[in-house]
Amino acid sequence: MARRIKVYEGKAKILFEGPEPGTLIQYFKDEAQEHDDSRPEGRGVLNNRLSEFFMTGLNSVGVPTHFIRRMNMREQLVRMAEMVPLEVMVRNYAAGGICERLGIPEGTPLPRPVVEYYFKDEKLGTPLVSEEHITAFNWANQQDLDDIVALILRLNDFLSGVMMGVGVRLADFRVEIGRIWEGDFMRLIIADEITPDNCTLWDMRGLDSEGNLRDPGPVSDMSTELARRLGVLPSNVTHTIKPTLIN
Ligand code: ADP
Ligand code: MG
């Protein structure tokens, strides 16, 4: 087998050159992510499946993503994109950073989905930035931002609906956006990954009758629970033998 060329290794994934120009292979690792050193063995397998599940659904309702197909337990083929250097976040309920920043109690429903942008630079701590910063530093222009908001709100509706269907509240999530060139035309697509690692999820059984958050929920590992409820993985498949990576 031909030796594969590693393009990038990040915290959660390794990127390899894909079989055709304009494609990449994403390998989902098990290793701990930032703020979380409790990722169980098999998390990469789970995330590969969940990202496939969400992106396949999005593609089928006309929300463009980079996902082409899953190749095996830990890898998927995606379209190579030029990444917008932002993490785009949507908040439906107050959780985490916004609670501290604005003094809002955890679990408060927000009046409408609130979109936030973070500059993707780990050395700087992925800081919150405004549209002014984004356009001034040319990370994206105003038209891109309008398109990103439209895209991300469709993504939010889709994800919120799918999760609500299995009794899970999507308090917030973040995702990365990429640019794809088709001739002279540029299209913005959902890239990177859609996994519980990038979401705040609450089991709706942890909510009181008025829908307020009573506690974060009775489920300790929402990722596995979500995958189980969505029927994406049987309940015990996260503990699997690691496949060997062919270099
Ligand atoms: P990081 O630690 O930088 O977040 P990850 O482990 O999540 O990295 O690896 C994914 C990397 O690949 C990210 O830097 C992300 O911006 C990039 N990426 C995701 N999707 C695509 C794509 N379709 N084309 C090119 N790069 C991508
Ligand atoms: Mg990442």
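One can find the structure itself at the top, above this paragraph.
Keep in mind that this is a model prediction, so the values were computed, not measured.

Taken as a whole, this structure holds four aromatic pairs when the rule is applied. Ring plane angle 10° and centroid distance 4.1 Å describe the contact between F119 and W139, whose orientation is recorded as stacked. Within this pair, whereas F119 is found in strand β8 (residues 109-119), its partner W139 is found in the loop between α3 (131-136) and α4 (142-164), the two being separated by 20 residues in sequence. Between F137 and W139, the ring centres sit 5.4 Å apart and the planes meet at 40°, which makes this aromatic pair tilted.

Time to look at the side chain of N156. Its location among the elements puts N156 in helix α4. Polar contacts involving the side chain of N156 include one to the side chain of N92, which spans 2.9 Å. Every residue in contact with N156, bar those within four places of it in the chain, is listed here: V90, N92, P113, L170 and F173.

Our next topic: the nonpolar core. Core analysis: the biggest nonpolar cluster contains 42 residues, and F54, L155, F173, I177, I190 and I194 have the highest contact counts within it. Taken together, the elements giving at least two residues each to this core come down to α1 (43-60), β7 (86-93), β8, α4, β10 (168-182), β11 (185-191), β12 (199-203) and α5 (222-230). If you tally residues by element for this core, the top one is α4, at eight residues. Residue assignment places this core across two domains, with domain 1 (6-80 + 223-230) and domain 2 (85-206) each supplying three or more. The residues contacting L155, other than those within four sequence positions of it, are L58, F173, V175, I190 and I194. Within the second largest apolar cluster, five residues are counted, among which are I14, F16, I25 and Y27.

What counts and what doesn't
- Residues numbered from 1 in each chain as written.
- Chains lettered and ligands numbered in written order.
- Predicted model: local features only at pLDDT ≥ 70, side-chain atom pairs only at ≥ 80, totals over all residues.
- Heavy atoms only, no water.
- Phe/Tyr/Trp six-rings, centres within 6.5 Å; stacked < 30°, edge-to-face > 60°.
- Helix = DSSP H or I, 4+ residues; strand = E, 2+ residues; numbered from the N terminus.
- Polar contact = N/O pair within 3.5 Å; in protein donor to acceptor, adjacent residues only side chain to side chain.
- Contact = heavy atoms within 4.5 Å.
- Core = buried A, V, L, I, M, F, W, Y, C linked by side-chain atoms within 4.5 Å.
- Buried < 20%, exposed > 50% of the residue type's maximum accessible area, 1.4 Å probe, protein only.
- Domains from an automatic or database assignment.

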